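Take a look at the letters that make up each chain.
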Amino acid sequence: MHGKIMRGTGMHDRSMHSTRVHKTGRRRFLQTVGGTAAVLAAPAVIRSARAAPPFFKLYMMIPNNQPARMIWGTLAAQQMSKLGIDVISSYVDFPTIASRRTKGSGKTHPEGGWDSYLERYYYSSITPLPNSLFRSSLVPPNGPNFYYVSDPVLDKTMDDYASAIDPAVRLAAIHAFEKRWYDTEPMTILFYPEDAIAVNPKLTGFNGTTFNPVFFPQPENWAIAGAGDNATAAFASWPPPSSLIPMYTIGYHESNIFGPIYNQLLEYESWETKKLVPGLAESVTSSADGKHHVIKLRSGVTWHSGEPFTAVDVKFTWDVIMNKAYASAVQGNALAAFGSTDAYKVTGPLEITVDLPSYSILFREQILSSVAIMPEHAYKDIKPEAMRGHVASTWLGSYTVKTSEGKNYTAHGGIGTGPWIPAGYDPSRKAYKYTRNEKYWKPMSGNVKTFYVVNINGTDAVLSALKSGDIDAHDPMYDIGSLLSTIDASWGKVARYDSYKWQHICYNLRHPVFGTGVETPLGKQDPSRAFDAAAYIRKAISYAMPREQIVQEIAAGLGHPGTVAMPWSAPEYDHEMLKPIPLDMDQARVWMTKAGYRY
């Protein structure tokens, strides 16, 4: 993370006003906040400077894969410096961030952990499930609470939400979660982005968005005009995957690749309706108290190997996820829903019965609708320590699977029940290849028979690939909003969608200053107020963020200013309570003063 050092510009607070930026334009704004596009694209360390001695030091990692995010990350660091925080920011790749955040130790950046970083995030379901991401019990390696959110009040609101069968009670609980978040701001939600995606004008049937893990490219429904009955299509996805075994990841750049291979028990009808419909489960019958469930599975479904799909596969999938030896990313949530593996049992070749210890919203909204079912016959002999590096995960090479009929099947990647069969990874092209599963259990309307997911780095590069005909669509990570005016209708058709995500500044909430607050002046003076002191600092940072400016001038107007970790267009978002947080440097310094700092 070494690189060129640049010092802050020392701008006055008023220079951050959006009217100033509107006049100068995005290019001028980029230069104002600390460098040209060429400089931002290179590895760098930015040291924010101020005349007075800093109150404390904060290391911020800014992912280097989105120029716009690099710009607003630089701006955020400079705004923090005006509060008396010595911010040391570095542009790094996301694997570097992931390696630090997933250790589960809670150590600070100088100790090999992390202090703060920028991220785009979402819930792994259409129904918001904050308890699946922020509950204090879900810290790594067996949970996705990378931030160490640990607030008994938040835990109670999430538990109340997860356990409420009555919709009114559930809505009240999620609003209580939003209120507590709004008051303490465990993370600084900058804005809710809107996705802009450009596709081949000849392409129809594109679902419009990717949303881990329930939406992904669905090329079985793609039709390319004039391509005949044997069309080839390609989809661009930016970061390379860390694993293509579904239980190991909550990243949609990975579900872009493994999604077309597998199925869930329940699936979403479309991005527009967001309605759950039968998938591998033909029906789910539930008791009034939400604890007893009988799942009838679809008959006639086969794995790519030709092996029949049965209830044994569902039990195997859940057993593996629940087994801590596999360190599944959804293990913590599965444990929260099931309690133990005793909660479910096979009660017929195509039936599995579940008796939950108590009702949990996680069961239907994540376990049934987000968890991809894996093949028992193909994966049962892969040891936990070998699973991540297996061909089923890497798609490098091949392996042989024996079916119950004694036949051998050669696989070149994962084995699923889905509409696409992996044909391996081509390192020279950075492309994952698929062939259409002509025995798929669901009708397919498109004319695409061969499909590729290609790793392309860079917004300019992905639009060049679309223009030249090398790809037909791309995922939202490319942030093409500022380049929409450069896209000609002859080679690119643009669609805009609510992303159901948020862009935020994450904090290590075990950090002794802005996490636990024990090293703040107030926390030292009165240890019982340490939690409050840390929240005051985060509130100060929040008031220092020019959200409206970021949306309008850096994100090209694609989005809404952020408040809490809840999709802006979700029915659960309380628009009446969650008023926009203004840029107010005076108020920001008031909050720093409440934490014990003196200007």
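On a predicted model such as this, the values are computed, not experimentally measured, just so you know.

Student: What's the story with the overall build of the protein in this structure? I'm lost.
Tutor: Broken down by element type, the protein carries 18 helices and 24 strands. Here the protein has a C-alpha radius of gyration of 24 Å; the compact-globule value for 599 residues is 25 Å, and the two agree. When its C-alpha atoms are laid out on the principal axes, the protein stretches across 75 × 55 × 40 Å. For the protein, buried positions account for 59% of its 599 residues. Surface summary for the protein: the accessible area is close to 22,700 Å², and the carbon and sulfur share equals 52%. Taking the average location of the 59 positive side-chain charges in the protein and that of its 54 negative ones, the two points are 6 Å from each other.

Student: Help me understand the pairing of strand S19 (residues 431-436), please; the structure alone is not making it clear to me.
Tutor: On any regular strand, side chains alternate: one points to one face of the sheet, the next to the other face. Note that strand S18 (residues 420-426) and S19 share five bridges and pair antiparallel. Looking across to S19, one finds that Trp420 is bridged to Arg436. In this structure, the hairpin formed by S18 and S19 is closed by a connection of four residues, where Lys430 is found at a positive phi of approximately 50°. Relative to strand S20 (residues 448-455), S19 is paired through five bridges, and the arrangement is antiparallel. Looking at the pairing, Lys433 lines up with Tyr452 of S20.

Student: How should I be thinking about the pairing of strand S16 (residues 399-402) in this particular structure?
Tutor: Where burial is concerned, the two faces of S16 differ: the one with Tyr399 and Val401 is buried and the one with Thr400 and Lys402 is not. In this structure, the hairpin formed by S16 and strand S17 (residues 408-411) is closed by a connection of five residues, where Gly406 is found at a positive phi of approximately 85°.

Student: Quick question: what am I supposed to make of the nonpolar core here?
Tutor: General note: in soluble globular proteins, nonpolar side chains tend to be found buried as a group. Within the largest apolar cluster, 186 residues are counted, with the highest numbers of intra-cluster contacts made by Met80, Phe134, Tyr147, Trp318, Phe338 and Tyr379. Every residue in contact with Tyr379, bar those within four places of it in the chain, is listed here: Ile245, Tyr262, Phe316, Met374, Met387, Ala392, Tyr399, Gly414 and Ile415.

Student: How should I be thinking about the packing of helix H5 (residues 152-163) against helix H6 (residues 167-184) in this particular structure?
Tutor: To characterise two packed helices, one gives the angle between the axes of the helices and the distance between these axes. As a packed pair, H5 and H6 sit with axes 8 Å apart at the nearest point and diverge in direction by 160°. Judged by the inter-axis angle, H5 sits roughly antiparallel to H6. The two elements H5 and H6 meet at a crossing, and its hand is left-handed. For the pair H5 and H6, the contacting residues are Val153, Leu154, Thr157, Met158, Asp160 and Tyr161 in the first and Arg170, Ala173, Ile174, Ala176, Phe177, Arg180 and Trp181 in the second. Looking at the contact of H5 with H6 residue by residue, the class counts come to nine nonpolar, one polar and three charged.

Student: I tried to follow unusual backbone geometry on my own but got confused; where do I start?
Tutor: Peptide bonds are mostly trans, and most non-glycine residues show a negative phi. The phi dihedral of Lys430 is positive, around 50°, even though this residue is not glycine. Note that Lys430 resides in the loop between S18 and S19. A positive phi angle, close to 55°, is found at Asp479, a residue other than glycine. Relative to the helices and strands, Asp479 is located in the loop between strand S21 (473-474) and strand S22 (493-498).

Student: Could you clarify how one ought to interpret the sheet that holds strand S9 (residues 231-237) in this entry?
Tutor: Adjacent strands of a sheet pair through backbone hydrogen bonds, lying either parallel or antiparallel. Spatially, the five strands line up as an open sheet ordered S18-S19-S20-S9-S21, and their pairing is mixed. With one partner strand each, in any of the chains shown, S18 and S21 form the two edges of the open sheet.

Student: Would you mind showing me how to read the layout of surface pockets here?
Tutor: Once rolled over the atoms, a probe with the size of a water molecule shows which space is left empty. Put simply, the largest pocket is a space of about 990 Å³. Every residue lining the largest pocket is counted, 37 residues in all, and those nearest its centre are Phe94, Ala98, Arg101, His253 and Glu254. At the level of secondary structure, the elements contributing two or more residues to the lining of the largest pocket comprise helix H4 (94-101), strand S5 (116-121) and helix H7 (252-258). It is H4 that provides the largest number of residues to the lining of the largest pocket, a total of four residues. Class assignment for the residues of the lining of the largest pocket results in 19 nonpolar, eleven polar and seven charged.

Student: Just checking my understanding: could you explain the environment of Asn65 for this structure?
Tutor: In this structure, Asn65 sits in the loop between strand S3 (56-63) and helix H3 (67-81). Taking the C-alpha atoms as reference points, Asn65 and Thr459, 394 residues apart in sequence, are found 9.1 Å from one another. Those residues in contact with Asn65 that lie beyond four places of it in its chain are Trp238, Pro239 and Met477.

Student: Looking at this model, I keep getting lost on the environment of Tyr432. Mind explaining?
Tutor: Checked against the element boundaries, Tyr432 lands in strand S19. Each C-alpha atom of the pair Tyr432 and Asn455 lies 8.6 Å from the other, and the pair is 23 residues apart in sequence. What Tyr432 contacts, discounting residues up to four positions off in sequence, is Pro241, Leu244, Ile257, Thr394, Trp395, Gly424, Tyr425, Phe451, Tyr452, Val453 and Asn455.

Student: What exactly am I supposed to notice about the sheet that holds strand S12 (residues 281-286) here?
Tutor: Reading across from one edge, S12-S13-S15-S14 is the order of the four strands in this open sheet, with antiparallel pairing throughout. Pairing within the sheet leaves two strands with one partner each, and these edge strands are S12 and strand S14 (344-348). Averaged over neighbouring strand pairs, the angle between their axes works out to 20° when direction is ignored. Taken together, the four bridges between S14 and strand S15 (residues 351-355) define a ladder with antiparallel strand orientation. Bridge assignment links Lys345 to a residue of S15, and that residue is Thr353. Docked against the sheet, helix H8 (residues 311-322) engages strand S13 (292-297), S14 and S15, running at close to 170° with respect to S14.

Calculation notes
Residues numbered from 1 in each chain as written. Predicted model: local features only at pLDDT ≥ 70, side-chain atom pairs only at ≥ 80, totals over all residues. Heavy atoms only, no water. Helix = DSSP H or I, 4+ residues; strand = E, 2+ residues; numbered from the N terminus. Rg over C-alpha atoms; globule rule 2.2 N^0.38 Å. Buried < 20%, exposed > 50% of the residue type's maximum accessible area, 1.4 Å probe, protein only. Areas by Shrake-Rupley, 256 points an atom, 1.4 Å probe, with all protein chains shown as cover. Lys, Arg positive; Asp, Glu negative; His and termini not counted. Charge placed at Lys NZ, Arg CZ, Asp CG, Glu CD. Pairing = 2+ DSSP bridges. Core = buried A, V, L, I, M, F, W, Y, C linked by side-chain atoms within 4.5 Å. Contact = heavy atoms within 4.5 Å. Axes fitted to C-alpha atoms, helices over the stretch in contact; angles between N-to-C directions. Parallel < 35°, antiparallel > 145°, perpendicular 65-115°, else oblique. Left-handed = near helix turned anticlockwise from the far one by under 90°. Nonpolar A, V, L, I, M, F, W, Y, C, P; charged D, E, K, R; others polar. 1 Å grid on protein atoms, 1.4 Å probe; cavity = no way out; pocket = protein on both sides within 12 Å on 5 of 7 lines; lining within 4 Å. Points joined across faces, edges and corners; volume = space filled by probe spheres on them.

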